[in-house]
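Observations on chain architecture
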Protein chains: 2
Amino acid sequence: MADGKNDKLVLERFLPYRLSYLTNIISRKLARLYSEQFDITPHEWKVLANLSRHPNISAAKTGEKTAMDKVAVSRAIKGLCDKGLVHKVFSSEDRRRSVLNLTKKGRDIYHQIEPLVTAYEDRLLSILDKDELVQLDHLLTKLTDQAKS
Amino acid sequence: MADGKNDKLVLERFLPYRLSYLTNIISRKLARLYSEQFDITPHEWKVLANLSRHPNISAAKTGEKTAMDKVAVSRAIKGLCDKGLVHKVFSSEDRRRSVLNLTKKGRDIYHQIEPLVTAYEDRLLSILDKDELVQLDHLLTKLTDQAKS
DNA sequence: TTATTATAGTTACATATGAAACTTATTTCA
DNA sequence: TGAAATAAGTTTCATATGTAACTATAATAA
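Residues numbered from 1 in each chain as written. Chains lettered and ligands numbered in written order. Predicted model: local features only at pLDDT ≥ 70, side-chain atom pairs only at ≥ 80, totals over all residues. Heavy atoms only, no water.

All right, on to the interface of chain A and chain B then. At the interface, 57 residues of chain A touch 57 residues of chain B. Its largest share of buried area at the contact with chain B, chain A owes to L9(A), R18(A) and Q146(A), together 10% of the area lost on that side. Connecting chain A to chain B are four salt bridges. Here chain A is connected to chain B by 23 residue pairs in polar contact (both at pLDDT 80 or more). (Contact = heavy atoms within 4.5 Å. Buried area = accessible area lost by both parts, 1.4 Å probe. Salt bridge = Lys/Arg side-chain N within 4 Å of Asp/Glu carboxyl O. Polar contact = N/O pair within 3.5 Å; in protein donor to acceptor, adjacent residues only side chain to side chain.)

This is the structure:
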């Protein structure tokens, strides 16, 4: 190959790095919205939010819904239970399976954090017009499908 | 708010989570292209690729170019030096500053991995048409700017 | 039955990561 | 000059994460 430049990766244009750069910034800022103030980790917040929408589910189902692996879910639930935000019992029909629910305190904290988090998303998306929002949704769907295959 | 559903986060539609889900899949698959075969970590690969394009630079400059923090850069360089892929000296003008370069072995390995990695990106992007590629670039740029602000 | 396999969840271990402290070298400026 | 401040890199420490092993329960099937 005569021109070496053509076979060199340009990191600034490489999709995986552009994506992970963007994702890292967003994840960090998002976590800041609740981590210090409420002493909640990102995994814990994800599980908390999911339990608000889907009460009475098991740890395994929580993992499916949140795309987290079971160890991360287990740890998040332990943290949330220790802080008194989640109540865990084991199902009487199948004593392996947990049944999870927010406590009053968990719901309270969820309702304090949720507006901060959705406001952050709104602010991010506020620079896009309607067409761009549609394009973004479409591109993320397509790329995710392709990445999974 | 009368209807509780409206104030609940829907994780599957939440941009930060969609982005991090996509990014995680891609990062894992990307790393698999070189981690086992060549015993190189993602950070090491990033530094290696950057040094191929920008020889003779310092660790600090490497950090700027790759958006990695200096600890990660330091560790990646140590790993690459230990494996004989990178050569490090300290500048004679400023003896704090390192001067980094790929070794012959480093260049060889770079040239083996680079086509695997760009082929992976090509495959990801192959489902998008020209318009969509332009949209993707545009959206990533806009969102990254907004996320940084 | 009861032996085998599968599932839910936890724990242990090894590695990765980030923040802060540290070391050495350079620059600034009183 | 020579403190004080700054910069480059490294190390330390505490925490996060993922894989694999483990425990307990349930389902399957011989």
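Bringing the packing of aromatic side chains into the picture now. In the structure shown here, the tally under the stated rule is six aromatic pairs over all chains. Taking 5.0 Å as the distance between ring centres and 70° as the angle between the ring planes, the aromatic pair formed by F14(A) and Y17(A) counts as edge-to-face. The burial state of F14(A) is the same as that of Y17(A); both residues are buried. Put simply, the rings of Y34(A), W45(A) and Y110(A) touch in pairs and so form one group of aromatic residues. Looking at K46(A), its charged tip hangs above the ring of Y17(B), at a distance of 4.5 Å from the centre. (Phe/Tyr/Trp six-rings, centres within 6.5 Å; stacked < 30°, edge-to-face > 60°. Buried < 20%, exposed > 50% of the residue type's maximum accessible area, 1.4 Å probe, protein only. Lys NZ or Arg CZ within 6 Å of the ring centre and 35° of its normal.)

Surveying the vicinity of DNA strand D reveals 19 residues, the closest of which are R75(A), A60(B), S74(B), K88(B) and S98(B). The sugar-phosphate portion of DNA strand D accounts for 53% of its atoms within 4 Å of the protein, the bases making up the rest. Take R95(A): an N or O atom from its main chain is 2.9 Å from a phosphate oxygen of DNA strand D. A60(B) places a main-chain nitrogen or oxygen 2.6 Å from a phosphate oxygen of DNA strand D. Of all the secondary structure elements, the ones that give two or more residues to the surface near DNA strand D are α5 (70–82) of chain A together with α4 (59–66) and α5 (70–82) of chain B. Broken down by element, the surface near DNA strand D gets its largest block of residues, four residues, from α5(B). Among the residues forming the surface near DNA strand D, the class breakdown is four nonpolar, four polar and eleven charged. (Near = heavy atom within 4 Å. Helix = DSSP H or I, 4+ residues; strand = E, 2+ residues; numbered from the N terminus. Nonpolar A, V, L, I, M, F, W, Y, C, P; charged D, E, K, R; others polar.)

So, about the protein's contact with DNA strand C. Taken together, 19 residues form the shell around DNA strand C, and within it A60(A), S74(A), K88(A), S98(A) and R75(B) come nearest. A share of 55% of the atoms of DNA strand C within 4 Å of the protein falls on sugar and phosphate groups. With respect to DNA strand C, the side chain of R75(A) contributes an N or O atom lying 3.0 Å from a base nitrogen. One of the side-chain N or O atoms of R75(B) is found 2.5 Å from a base oxygen in DNA strand C. For the surface near DNA strand C, the element with the most residues is α5(A), which contributes four residues. A per-class count over the surface near DNA strand C returns four nonpolar, four polar and eleven charged.

Here the focus is the pattern of salt bridges. For the structure shown, the criterion picks out 16 salt bridges over all chains. For D137(B), the salt bridge goes to R18(A), with nearest N and O atoms at 2.7 Å. Pair noted here: D137(B) is in helix α7 (residues 130–148) and R18(A) is in helix α1 (residues 15–32), and the two residues belong to different chains. Among the residues examined, R18(A) registers a relative accessible area of 18% and is labelled buried.

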